[in-house]
Amino acid sequence: MPIVDPRTGEPLTSDSQADAASGAAQGGSQAAQRDDLIIDVDRSNIQQLLETSMQVPVLLDCWAPWCEPCKNLMPVLEKLTREYNGAFLLAKLNIDDNQDIAAQLGVRSVPDVKLISQGGLVDQLQGALPEKQIREWLGKYFPEPEGVQESPEEQAAAALEAGDAETARAIYSELAQQWPDHGPYKVELARTLVAAGNPDEARALLDALPPEERDAAPARGVRASIEFGEEAPSREALAALEGRDDSEARYQRALRQVADGQYEAGLEALLTLMKQDRAYGDDAARKTLLRVFDALGNDHPLTATYRRKLFALLY
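From a predicted model like this one, the values you see are computed outputs, not experimental measurements. (Residues numbered from 1 in each chain as written. Predicted model: local features only at pLDDT ≥ 70, side-chain atom pairs only at ≥ 80, totals over all residues. Heavy atoms only, no water.)

Participant: Talk me through the overall build of the chain; I want residue IDs and the actual numbers.
Facilitator: Scanning the chain from N- to C-terminus turns up 17 helices and five strands. In the chain, which comprises 315 residues, the proportion classed as buried is 43%. Residue pairs in contact within the chain that sit at least 24 positions apart in sequence constitute 60% of those at least 6 positions apart. Accessible surface computed for the chain: about 15,900 Å², of which carbon and sulfur atoms make up 49%. (Helix = DSSP H or I, 4+ residues; strand = E, 2+ residues; numbered from the N terminus. Buried < 20%, exposed > 50% of the residue type's maximum accessible area, 1.4 Å probe, protein only. Contact = heavy atoms within 4.5 Å. Areas by Shrake-Rupley, 256 points an atom, 1.4 Å probe, with all protein chains shown as cover.)

Structure follows, in structure tokens:
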């Protein structure tokens, strides 16, 4: 029986071609046992592949030899397929060699990744998305596999937390080269450059972003970090404040804490200053709190905590 595309109703293969299946995986458990998790698909085995999707979901990666983003995406999909170890198969369709199949599947640009289950289209991804976003997408349909290695983003975050800005910078430098059209990687690279003591290089990187990314919250946050570093007192100036407990001294110490990445201590100092001397510097403590929130980003736990504290103090 010919298999039809579930969206168009058009046949993908004929009966004779279906009989010529090339030995694609026969079922999920068998595929995992034989390590037949990644296959090439064409007219000779598309029939059997779609039948296999009745047993185990299939990621159909539609790609082309001339497509550079496809070349970046494919190893990420292969890595994830092996990590999920049989939860789904990865089938790779060269659209140049299989234009009729690509047309019937509605492929208009590549890369185009389709999740197929029970012979039908469940969802799809278009464009070369980074590993983190693909993991999030897969997480909607499959339990996270055990023993998964940290993603590059997680490794960079751990390095920054440990004070190893150079390792974080190296990770994001590689990611930005691999995914040149993914602006968030350039923003995070700028963040690591600030942490590594290269604010001018970070600012130049941000300035080169498209306007919609340059003016968005993540990039504004990195700029705020640069500004804190420029505004904070030097070590010598900080030492000169030793023993002083006036509003100016407390404000300058808070700036230094924020610039050094001691965000919680800096936020707490600013909140305390706001409670005790709201008029200082034309409400400088409150305005600086908002700038720190911008630097940390809305998703940072400290932002949520201190926004609540600020709201409670104001109202």
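After that view of the structure, there is still more to cover.
Participant: Describe the nonpolar core, listing the residues and the values that go with them.
Facilitator: Ranked by size, the top nonpolar core spans 34 residues in total, and within it Leu59, Ile134, Leu138 and Leu206 carry the most contacts. Elements with a contribution of two residues or more to this core: helix H4 (68-84), strand E4 (112-117), helix H6 (131-138), helix H7 (152-161), helix H8 (165-178), helix H9 (183-195), helix H10 (199-207) and helix H12 (217-231). The residues touching Ile134, leaving out its near neighbours within four places in the chain, are Leu73, Val76, Leu77, Leu80, Leu125 and Leu129. (Core = buried A, V, L, I, M, F, W, Y, C linked by side-chain atoms within 4.5 Å.)

Participant: An account of the packing of aromatic side chains is requested, with residue identities and associated values reported.
Facilitator: Within the structure shown, the criterion is met by seven aromatic pairs. Between the aromatic rings of Phe311 and Tyr315, the centroid separation amounts to 4.7 Å while the plane-to-plane angle is 45°, which identifies the pairing as tilted. The same class applies to Phe311 as to Tyr315, namely exposed. Here the aromatic cluster, defined as three or more aromatic residues joined through ring pairs, consists of Tyr84, Phe88 and Phe142. Here the basic side chain of Arg291 rests over the ring of Phe228, its NZ or CZ set 4.4 Å away from the ring centre. (Phe/Tyr/Trp six-rings, centres within 6.5 Å; stacked < 30°, edge-to-face > 60°. Lys NZ or Arg CZ within 6 Å of the ring centre and 35° of its normal.)

Participant: Hey, could you go over a negative patch on the surface for me, with residue numbers and the actual values?
Facilitator: Taken together, the side chains of Asp40, Asp42, Asp96 and Asp97 define an acidic patch exposed on the protein surface. Structurally, Asp42 can be placed in the loop between strand E1 (38-41) and helix H3 (46-52). Judged by relative accessible area, which is 31%, Asp42 ranks as partly exposed. (Patch = residues over 30% accessible without salt bridge, like charges linked within 9 Å, V, L, I, M, F, W, Y side chains within 5 Å. Salt bridge = Lys/Arg side-chain N within 4 Å of Asp/Glu carboxyl O. Lys, Arg positive; Asp, Glu negative; His and termini not counted. Charge placed at Lys NZ, Arg CZ, Asp CG, Glu CD.)

Participant: Kindly report on the sheet that holds E4, identifying the contributing residues and their values.
Facilitator: Across the sheet, which stays open at both edges, the five strands sit in the order E1-E3-E2-E4-E5 with mixed pairing between neighbours. Here the strands that pair on one side only, and so sit at the sheet edges, are E1 and strand E5 (120-126). Here the strands of the sheet are splayed against their neighbours by 25° on average, with no regard to which way each runs. Across five bridges, the pairing between strand E2 (residues 58-63) and E4 is antiparallel. Across the sheet, Leu59 pairs through a bridge with Leu115, a residue of E4. Sheet strands touched by H6: E2, E4 and E5. Its angle to E5, the strand with the most contacts, is close to 160°. (Pairing = 2+ DSSP bridges. Axes fitted to C-alpha atoms, helices over the stretch in contact; angles between N-to-C directions.)

Participant: Can you lay out the pattern of salt bridges for me, pointing to particular residues and giving the numbers?
Facilitator: Evaluation of the coordinates by the stated rule reveals 25 salt bridges. A salt bridge links Asp207 to Arg223; its shortest N-O distance comes to 2.6 Å. A residue pair is termed long-range when its members are at least 10 positions apart, and Asp207 in helix H10 and Arg223 in helix H12 qualify at 16 residues. When its relative accessible area of 41% is taken as the criterion, Asp207 is described as partly exposed. Linking Asp246 and Arg244 is a salt bridge whose minimum nitrogen-to-oxygen distance equals 2.8 Å. Asp246 gets classed as partly exposed once you look at its relative accessible area, which sits at 30%. Residue Arg244 is classed as partly exposed on the basis of its relative accessible area, which comes to 37%.

Participant: Quick one: what's the story with the pairing of E1, residue by residue and with numbers?
Facilitator: A regular strand carries its side chains on alternate faces of the sheet. Residues Ile39 and Val41 line the buried face of E1, whereas the alternating positions Ile38 and Asp40 sit on a face that is not buried. Of the pairings in the sheet, the one linking E1 to strand E3 (residues 89-94) comprises four bridges and is parallel in character. Bridge assignment links Asp40 to a residue of E3, and that residue is Lys92.

Participant: Kindly report on the pairing of E5, identifying the contributing residues and their values.
Facilitator: Pairing of E4 with E5 involves six bridges; the strand directions are antiparallel. The partner of Leu115 across the bridge, within E5, is Asp123. Counted along the chain from E4 to the antiparallel partner E5, the turn is two residues long, and its residue Gln118 has a positive phi close to 55°.

Participant: Residues and numbers for the state of the cysteines, please.
Facilitator: Using the criterion set out here, one finds one disulfide in the structure. What pairs with Cys67 in a disulfide is Cys70, and their sulfur atoms sit 2.4 Å apart. On the S-S bond that ties Cys67 to Cys70, the torsion sits near 85°, and the link is right-handed. Counting only cysteine sulfurs, Cys70 is the nearest neighbor of Cys62, a cysteine outside any disulfide, at a range of 9.2 Å. Under the relative-accessibility criterion, Cys62 is labelled buried at 0%. (Disulfide = S-S within 2.5 Å.)

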